[in-house]
Amino acid sequence: MEKRELVIIGAGPAGLTAAIYGRRSGLDVLLLEKGLPGGQINTTDEIENWPGVKHASGQELADMFREHAEKFNPEFREAEVEGIEFKDGKKLVLTDKGIVEAQAIILATGASFKKQGCPGEAEFTGRGVSYCAVCDAAFFEEQEVAVIGGGNTAVEEAVYLTQFASKVYIIHRRDSFRADRIAVERALSNPKISVIWDSVVEEIRGTDMVESLALKNVKTGEKTVLPVSGVFVFIGNEPNIGFLKPLIDSGLLKTARGGWLRVNERMETSIEGLFAAGDLIDKYLRQVVTAAGDGATAAMAAYAYISEQVHLEGKLLDPEEVTAVFFSSVDEAQVRLAAEIEASPEWNRVVLVDGYKNSRMAEKLQVQSLPSALKIQKGEVLKRIQIRSAEELKGL
Ligand SMILES: Cc1cc2nc3c(=O)[nH]c(=O)nc-3n(C[C@H](O)[C@H](O)[C@H](O)COP(=O)(O)OP(=O)(O)OC[C@H]3O[C@@H](n4cnc5c(N)ncnc54)[C@H](O)[C@@H]3O)c2cc1C
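What you see is a predicted model; the values in this text were computed from it and never measured.

Looking at the packing of helix 5 (residues 152-161) against helix 6 (residues 181-188)
No. 1: Two elements in contact, helix 5 and helix 6, have axes separated by 9 Å at closest approach and are oriented at 35°. For the crossing formed where helix 5 meets helix 6, the hand is left-handed. Counting all contacts with helix 5, which are made through Asn152, Val155, Glu156, Ala158 and Val159, the residues of helix 6 involved are Ala183, Val184, Arg186 and Ala187.
No. 2: Considering only residue class, the contact of helix 5 with helix 6 consists of six nonpolar, one polar and two charged.

This is the structure we're talking about:
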């Protein structure tokens, strides 16, 4: 079976940044992407909040990210990940091109727009149904369009659409918006915008292209038909984590409300060795700049995990018998003690572990305080003592 150090799933801003940091740390990196490298930004016309680049199209920025990652030679592979399994201590990435065993995995599969789910939506997607105003607004010059939703994206994108369309209807299932006050005021004061409150779209109709929407008022039950040539669906987004369902359903992989993945500040998920970065995690702001930051953190944490777990496991847990000293590299006396042990021919077989940096291993072996000396037999701690000098190792 193919074995790799770091497997990154998804080559959007998070995955590509993780690849850059992973390779620069010297890891062997395999980057799996089912579509176009660059991720969601490929679908936008304009990005002007990525520092250092005042203005670029999404595709230009995506190309820059990909070229930058390529400079460090991660292996790019076009493959769709269908699942992740943990078997006999192994992490397996199941793809449509085969199985890869990884020492650490970074999930960076991003998010997608929620679908409205009514008849006609799938049929007319790309033929009048859109999820991206910036991408498609220009196709509706001087035409009437509708926006579905009541959050910030819906309200802001409706205002954006007025630059092109002759009329924009916002269809919202409630009688007030969830969007912030300034966005709402801007929309309601725009003469091209009309709001259709308390209403849902029951069907999107047309022949070749969208021609009208069948609406239902949820309070009165009244049904009407609204003639429009385009409909923009902005009812939220969701993480791309379908392939993780068995892990989530079993309770191993923890999620927050809305299904977003829970991570800590090191981008560690609830499963050891499995990291997540970018739009799919539970966070406040889903943008290129935050996805890239998450990707960098995840790669560095994965690097630390691989060095710590894999390297130390081989040194501490696999041998028949081993003596180890856990010390702290931020305590001068303990650094001196480690140097003393290292220099002594009597103790040159002792494995020295920086317990401050390798906290996971210290935790695993239940090291409560530093410095500590441990006698380990086939991964089991037989004896542990506190030491202050190399001489005290004789007590082990
Ligand atoms: C229309 C639009 C306009 C936007 N405008 C801006 C903007 O102006 N400024 C800004 O900062 N942000 C903007 N964003 C948001 C920004 O694009 C996202 O926050 C960012 O792309 C998230 O990066 P990511 O790497 O987490 O995920 P994504 O960009 O979603 O990348 C995830 C990648 O994973 C791949 N993938 C998914 N599932 C699998 C699988 N099973 N196997 C293999 N590969 C998989 C996908 O194909 C995709 O390439 C915009 C988004 C959209 C849609």
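Things to note about helix 2 (residues 58-70)
No. 1: End to end, helix 2 covers 18 Å across 13 residues, agreeing with the expected 18 Å (1.5 Å per residue, within 8%).
No. 2: Buried residues along helix 2 sit in contact with helix 1 (13-24).

Looking at the site of the ligand
No. 1: Around the ligand, a shell composed of 35 residues is seen, among which Gly10, Gly12, Gly39, Gly110 and Gly278 lie nearest.
No. 2: When contributions to the shell around the ligand are tallied by element, the ones reaching two or more residues are helix 1, strand 2 (29-33) and helix 8 (288-317).
No. 3: When grouped by side-chain class, the residues that make up the shell around the ligand number 16 nonpolar, 14 polar and five charged.

Thoughts on the environment of Ile105
No. 1: The topology assignment puts Ile105 in strand 6 (residues 98-107).
No. 2: Sequence spacing of Ile105 and Glu203 is 98 residues, and the spatial spacing of their C-alpha atoms is 42 Å.
No. 3: Those residues in contact with Ile105, other than ones at most four positions away along the chain, are Val7, Ile9, Ile84, Lys91, Val93, Gly273, Leu274 and Phe275.

With respect to the domain arrangement of the protein chain
No. 1: Here the protein chain is partitioned into domain 1 (2-112 + 238-312), domain 2 (121-235) and domain 3 (319-395).
No. 2: Computed over C-alpha atoms, the centres of domain 2 and domain 3 are 65 Å apart.

Some thoughts on the sheet that holds strand 10 (residues 167-171)
No. 1: Sheet architecture is open: five strands sit in the order 8-15-9-10-11, paired in parallel fashion. Single-partner strands in this sheet number two, and they are strand 8 (129-130) and strand 11 (193-196).
No. 2: Sitting on the sheet, helix 5 touches strand 9 (144-148), strand 10, strand 11 and strand 15 (230-233), and the angle it makes with strand 9 is about 165°.

Some remarks on the sheet that holds strand 20 (residues 372-377)
No. 1: The strand order across the open sheet formed by four strands is 19-18-20-21, and the pairing between neighbours is mixed. At either margin of the open sheet sits one strand with a lone partner, and together these are strand 19 (351-354) and strand 21 (380-386). Each strand axis lies, on average, 25° off the axis of its neighbour in the sheet, ignoring direction.
No. 2: Where strand 18 (residues 321-327) meets strand 19, four bridges bridge the pair, whose relative direction is parallel. Within strand 19, the position partnered with Phe326 by the bridge is Val353.
No. 3: Docked against the sheet, helix 8 engages strand 18, strand 19 and strand 20, running at close to 145° with respect to strand 19.
No. 4: Across the face of the sheet, helix 9 (residues 332-343) comes into contact with strand 18 and strand 19 while running at roughly 150° to strand 18.

Regarding the pairing of strand 4 (residues 81-87)
No. 1: Note: strand 4 against strand 5 (residues 90-95), six bridges, orientation antiparallel. By the bridge assignment, Val81 is partnered in strand 5 with Thr95.
No. 2: Counted between consecutive antiparallel strands, the loop separating strand 4 from strand 5 contains two residues, among which Asp88 sits at a positive phi close to 50°.

Remarks on the nonpolar core
No. 1: Ile105, Ile106, Phe275 and Ala277 are the most contacted members of the largest nonpolar core, which totals 56 residues.
No. 2: At the level of elements, strand 1 (2-9), helix 1, strand 2, helix 2, strand 4, strand 6, strand 17 (274-276) and helix 8 are the ones that each hand at least two residues to this core.
No. 3: The greatest single-element share of this core, amounting to nine residues, is contributed by helix 8.
No. 4: Each residue touching Phe275, except ones within four places of it in the same chain, is listed here: Ala104, Ile105, Ile106, Leu107, Met267, Glu268, Thr269, Ala298, Ala301 and Ala302.
No. 5: With 34 residues, the next largest nonpolar core counts Val145, Ile171, Val210 and Phe232 among its residues.

Cut-off values and rules
Residues numbered from 1 in each chain as written. Predicted model: local features only at pLDDT ≥ 70, side-chain atom pairs only at ≥ 80, totals over all residues. Axes fitted to C-alpha atoms, helices over the stretch in contact; angles between N-to-C directions. Helix = DSSP H or I, 4+ residues; strand = E, 2+ residues; numbered from the N terminus. Left-handed = near helix turned anticlockwise from the far one by under 90°. Contact = placed C-beta atoms within 7 Å. Nonpolar A, V, L, I, M, F, W, Y, C, P; charged D, E, K, R; others polar. Expected span 1.5 Å × (residues − 1). Near = placed C-beta within 6 Å. Domains from an automatic or database assignment. Pairing = 2+ DSSP bridges. Core = buried A, V, L, I, M, F, W, Y, C linked by C-beta atoms within 7 Å. Buried ≥ 20, exposed ≤ 12 C-beta atoms within 10 Å, placed from the backbone.

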